[in-house]
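# Fold and contact review
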Amino acid sequence: MAGEIPDLVALERTGTGKGAARQARRAGMVPGIVFGGDVDPLPIQIPFNVLFKSLKAGRFKSTLFNLKVDGHDDVRVICRDVQRDVVKDLPTHLDLMRLRRTTKINLFIPVEFVGEDEAPGLRKGGVVTIVRPEVELICTAGDIPEKIVVDLSAMEIGDVATISGVTLPEGTKATIDRDFVIANIAAPSGLASDDDEEGEGEGEVAEEGVEVEAEAEAEE
């Protein structure tokens, strides 16, 4: 299970409806509602600056949070919607859904790369290119993996690590059905430059040959 689920601290909001929501916004808060879990919806409010910073950090809607509200038990939630001002594009309301331990959710899980010291391709001067530092998985809220491990120890220059070659935690699967690249070992930049120059030289010879043939045809 993931080692750390970030906390999302909120305050219980008194009153509902447009009037109460406007009052919360005037106080520098963003109103919201927590629903699901076979209990009554809970109106909340979150400081605008806190929510805005979390939204700017990215993946807010695909992050599992531990919601903390004074007077209520902590509960795991995921954002289902963030309403924004149509002109300023700033958050004006959010909907959070309570999750049971058996609920299936989509989350981005970080990738850890191991075996770099043993990788033949890296020993020869190759460079690891990380295509996906995290992978979106379908998993249960009660069994979220902390990471995905990719072993580079047997990889040569030109080899790629794809999702099909990774052992995913039990009960999880990637949201993308097709096989996709997570990382590869590329040739050293100097070697790549030499190959490019050789290719350019061959092109110049070919072009000269075409010109000679064209001149010969013109003379005929």
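Look a little higher up for the structure.
Okay, so let's go over this structure. (Residues numbered from 1 in each chain as written. Predicted model: local features only at pLDDT ≥ 70, side-chain atom pairs only at ≥ 80, totals over all residues. Heavy atoms only, no water.)

## Topic: the packing of aromatic side chains
Under the convention used in this document: Pairing of aromatic rings covers Phe, Tyr and Trp, the last through its six-membered ring, and needs centres within 6.5 Å; plane angles under 30 degrees mean stacked, over 60 mean edge-to-face, and all others mean tilted. Note on conventions: DSSP H or I runs of at least 4 residues are helices, E runs of at least 2 residues are strands, and numbering of each starts at the N terminus. Each residue is assigned to one of three classes by its accessible area relative to the maximum for its type, calculated with a 1.4 Å probe on protein chains only: buried under 20%, partly exposed between the two thresholds, exposed over 50%.
Overall, the coordinates contain 2 aromatic pairs when judged by the stated rule. Residues F48 and F52 carry aromatic rings whose centres are separated by 5.6 Å and whose planes lie at 15° to one another, so their mutual orientation is stacked. Linking F48 with F52, this pair stays in helix 2 (residues 48-57), spanning 4 residues, or about one helical turn. A relative accessible area of 24% means that F48 is categorised as partly exposed. With a relative accessible area of 30%, F52 lands in the partly exposed category. Aromatic pair F60 and F65: ring centres 5.1 Å apart, planes at 45°, arrangement tilted. Grouping residues by exposure puts F60 and F65 together as buried.

## A closer look at unusual backbone geometry
For R59, which is not glycine, the phi torsion reads 60° and is therefore positive. Examined against the element boundaries, R59 turns out to sit in the loop between helix 2 and strand 4 (64-69). Notably, D89 is not glycine yet its phi reads approximately 60°, a positive angle. With respect to the helices and strands, the residue D89 is situated in the loop between strand 5 (75-84) and strand 6 (91-98).

## What to know about helix 1 (residues 18-26)
Working note: α-helix, 3.6 residues per turn, so residues spaced by three or four point in the same direction. Stated precisely, the cut-off is as follows: Along the arc lie the directions from the helix axis toward the C-beta atoms. Every residue pair with non-hydrogen atoms within 4.5 Å of one another is taken to be in contact.
Taken residue by residue, helix 1 has A20, A21 and A24 as its buried positions. Along the axis of helix 1, the buried residues cluster in a sector spanning 100°; they form a single face. For helix 1, the exposed residues set more than 90 degrees away from the buried face come down to K18, Q23 and R26. Where the residues of helix 1 are buried, they touch strand 2 (29-35) and strand 3 (42-47). Once helix 1 finishes, G28 follows within two positions and takes phi at roughly 80°, a positive value.

## What about the pattern of salt bridges?
Test applied: Salt bridges are defined by distance alone: a side-chain nitrogen of Lys or Arg within 4 Å of a carboxyl oxygen of Asp or Glu.
The final tally for this structure, using the stated rule, is 5 salt bridges. Here D38 and R100 are joined by a salt bridge, their closest N and O atoms 2.0 Å apart. Taken as a pair, D38 in the loop between strand 2 and strand 3 and R100 in the loop between strand 6 and strand 7 (104-114) lie far apart in primary sequence, 62 residues in all. On the basis of relative accessible area, D38 is assigned to the exposed category, the value being 66%. According to the relative accessible area criterion, R100 is partly exposed, its value standing at 48%.

## Details of the nonpolar core
A general tendency of soluble globular proteins is for nonpolar side chains to be buried together. Rule in force here: For the purposes of this section, nonpolar cores are sets of buried Ala, Val, Leu, Ile, Met, Phe, Trp, Tyr and Cys residues that join through side-chain atoms within 4.5 Å.
I105, L107, V135, V150 and I182 are the most contacted members of the largest nonpolar core, which totals 27 residues. At the level of secondary structure, the elements contributing two or more residues to this core comprise strand 7, strand 9 (134-140), strand 10 (148-151) and strand 13 (181-186). No other element matches strand 7, which puts 5 residues into this core. Ignoring any residue separated from it by four or fewer positions in sequence, one finds I105 in contact with L64, I78, L99, L137, I138, C139, A141 and I144. One finds A10, I46, L55 and C79 within the second-largest nonpolar core, a separate group that totals 18 residues.

## Let's talk about the pairing of strand 2
Let me state the cut-off plainly: In this analysis, strands are considered paired if DSSP registers two or more bridges between them.
Of all 7 residues making up strand 2, 5 are buried, and the element is well covered by its neighbours. Summarising the sheet, strand 2 and strand 3 pair through 6 bridges and their orientation is antiparallel. Across the sheet, the residue bridging to P31 is Q45, located in strand 3. The loop that links strand 2 with its antiparallel partner strand 3 comprises 6 residues; one of these, G36, has a positive phi angle of about 90°.

## Topic: the sheet that holds strand 6
We count it as follows: A fitted line through C-alpha atoms serves as each axis, taken over the contacting stretch for helices, and the angle formed by two N-to-C directions is quoted from 0 to 180°.
Strands sit in the order 1-3-2-6-5-4 around a closed barrel of 6 strands; the barrel is mixed. For this sheet, the mean inter-axis angle between neighbouring strands, taken without regard to orientation, is 45°. Pairing of strand 1 (residues 7-12) with strand 3, which is carried by 2 bridges, proceeds in the antiparallel orientation. Residue pairing for strand 3: L11 is matched across the bridge by Q45. Packed onto the sheet, helix 1 meets strand 2, strand 3 and strand 6 and runs at close to 130° relative to strand 2. Across the sheet, helix 2 touches strand 2, strand 3, strand 5 and strand 6, and the angle it forms with strand 3 is around 80°.

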